[in-house]
Amino acid sequence: MRDGDFSTRLPGHWTGLKGKIADALNDVIASNQRMAEELERVGTVVGKEGKTRYRASFDRRNGAWGGMETSVNTLIDDLLWPTKEVTEAISAVAQGDLLQTVRLDIEGRPLQGSSCVPPRSSIR
């Protein structure tokens, strides 16, 4: 499990304290396995197939499990946001709306990165 093999399980027939520990560890391993499968699925569906409305959904959502699901889905949203904005602007221009603009901030935070983004005054 430590090395990423989530098919490994402790014996299910153990009893007593040893059995409880094995059951708990097996549950954690199974959750990690499902999460790895879900991340692979979302990577394929969103990243390769371009189905941008899909998001990750983990079986466990309590505690840090839910936080990880939210983090992955927020990352997808943030990465897709510029594409959505540009697509909407291009669509508006194609329909004759030459006043459409592309926002250069997310929730009040200016976009940053290594891409060459012209000053806001030059984008219309």
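Residues numbered from 1 in each chain as written. Predicted model: local features only at pLDDT ≥ 70, side-chain atom pairs only at ≥ 80, totals over all residues. Heavy atoms only, no water.

K.L.:
Please explain the overall build of the protein chain as it appears in this structure.
P.N.:
Along the backbone of the protein chain there are two helices and two strands. Going from the N terminus to the C terminus, the protein chain shows its helices and strands as α-α-β-β. Relative to its full complement of 124 residues, the protein chain shows a buried share of 23%. Of the contacts formed within the protein chain by residues at least 6 apart in sequence, a portion of 32% connects residues at least 24 apart. Summing over all exposed atoms, the protein chain offers an accessible surface of approximately 9,200 Å²; the carbon and sulfur share of this is 56%. (Helix = DSSP H or I, 4+ residues; strand = E, 2+ residues; numbered from the N terminus. Buried < 20%, exposed > 50% of the residue type's maximum accessible area, 1.4 Å probe, protein only. Contact = heavy atoms within 4.5 Å. Areas by Shrake-Rupley, 256 points an atom, 1.4 Å probe, with all protein chains shown as cover.)

K.L.:
Mind showing me how you'd approach the confidence of the model for the protein chain here?
P.N.:
In regions of low pLDDT, the predicted coordinates are not meant to be interpreted in detail. Taken over all residues, the pLDDT of the protein chain has a mean of 86, while the share at 70 or more is 90%. The secondary structure element of the protein chain with the lowest average pLDDT is strand β1 (residues 105-106), at 72, and the one with the highest is helix α1 (residues 16-48), at 96. (pLDDT = per-residue confidence, 0-100.)

K.L.:
Looking at this structure, how should I read α1?
P.N.:
Every α-helical turn comprises 3.6 residues, leaving residues that sit three or four positions apart pointing alike. If you check α1, its first and last C-alpha atoms are 47 Å apart, about what 33 residues at 1.5 Å a residue would give, namely 48 Å. When we look at burial in α1, the residues that qualify are Gly19, Ala22, Asn26, Ile29, Ala30, Ser31, Asn32, Met35, Glu38, Val42, Val45 and Val46. Tucked into the core, α1 has its buried residues touching α2 (64-94). Backbone geometry just downstream of α1 places Gly50 in the positive-phi region, at approximately 75°. (Expected span 1.5 Å × (residues − 1).)

K.L.:
Would you explain the pattern of salt bridges in this entry?
P.N.:
A side chain with one charge may pair with a side chain of the opposite charge, provided their charged atoms come close. All told, the structure shown has seven salt bridges when counted by the stated rule. A salt bridge links Asp3 to Arg2; its shortest N-O distance comes to 3.6 Å. This pair shows no difference in class: Asp3 is exposed, exactly as Arg2 is. Among the salt bridges present, the one from Glu69 reaches Arg61, with a minimum N-O distance of 3.1 Å. Judged by relative accessible area, Glu69 falls into the buried class, the value being 12%. (Salt bridge = Lys/Arg side-chain N within 4 Å of Asp/Glu carboxyl O.)

K.L.:
Hey, could you run me through a nonpolar patch on the surface in this one?
P.N.:
A contiguous nonpolar surface patch, about 210 Å² in accessible area, is contributed by Met1, Leu25 and Val28. Summarising the element assignment, Val28 is placed in helix α1. Among the residues examined, Val28 registers a relative accessible area of 33% and is labelled partly exposed. (Patch = residues over 30% accessible without salt bridge, like charges linked within 9 Å, V, L, I, M, F, W, Y side chains within 5 Å.)

K.L.:
Can you walk me through the packing of α1 against α2 in this structure?
P.N.:
Helix-helix packing is characterised by the crossing angle of the two axes and by the distance between the axes. Remark: α1 packs on α2, axes separated minimally by 12 Å, with the N-to-C direction vectors making an angle of 10°. Judged by the angle between their axes, α1 and α2 are roughly parallel. Listed contacts from α2 to Val28, Ser31, Asn32, Met35, Leu39, Val42 and Val46 of α1 are Trp65, Met68, Val72, Ile76 and Leu80. Across the contact of α1 with α2, the residue classes break down as ten nonpolar, two polar and no charged. (Axes fitted to C-alpha atoms, helices over the stretch in contact; angles between N-to-C directions. Parallel < 35°, antiparallel > 145°, perpendicular 65-115°, else oblique. Nonpolar A, V, L, I, M, F, W, Y, C, P; charged D, E, K, R; others polar.)

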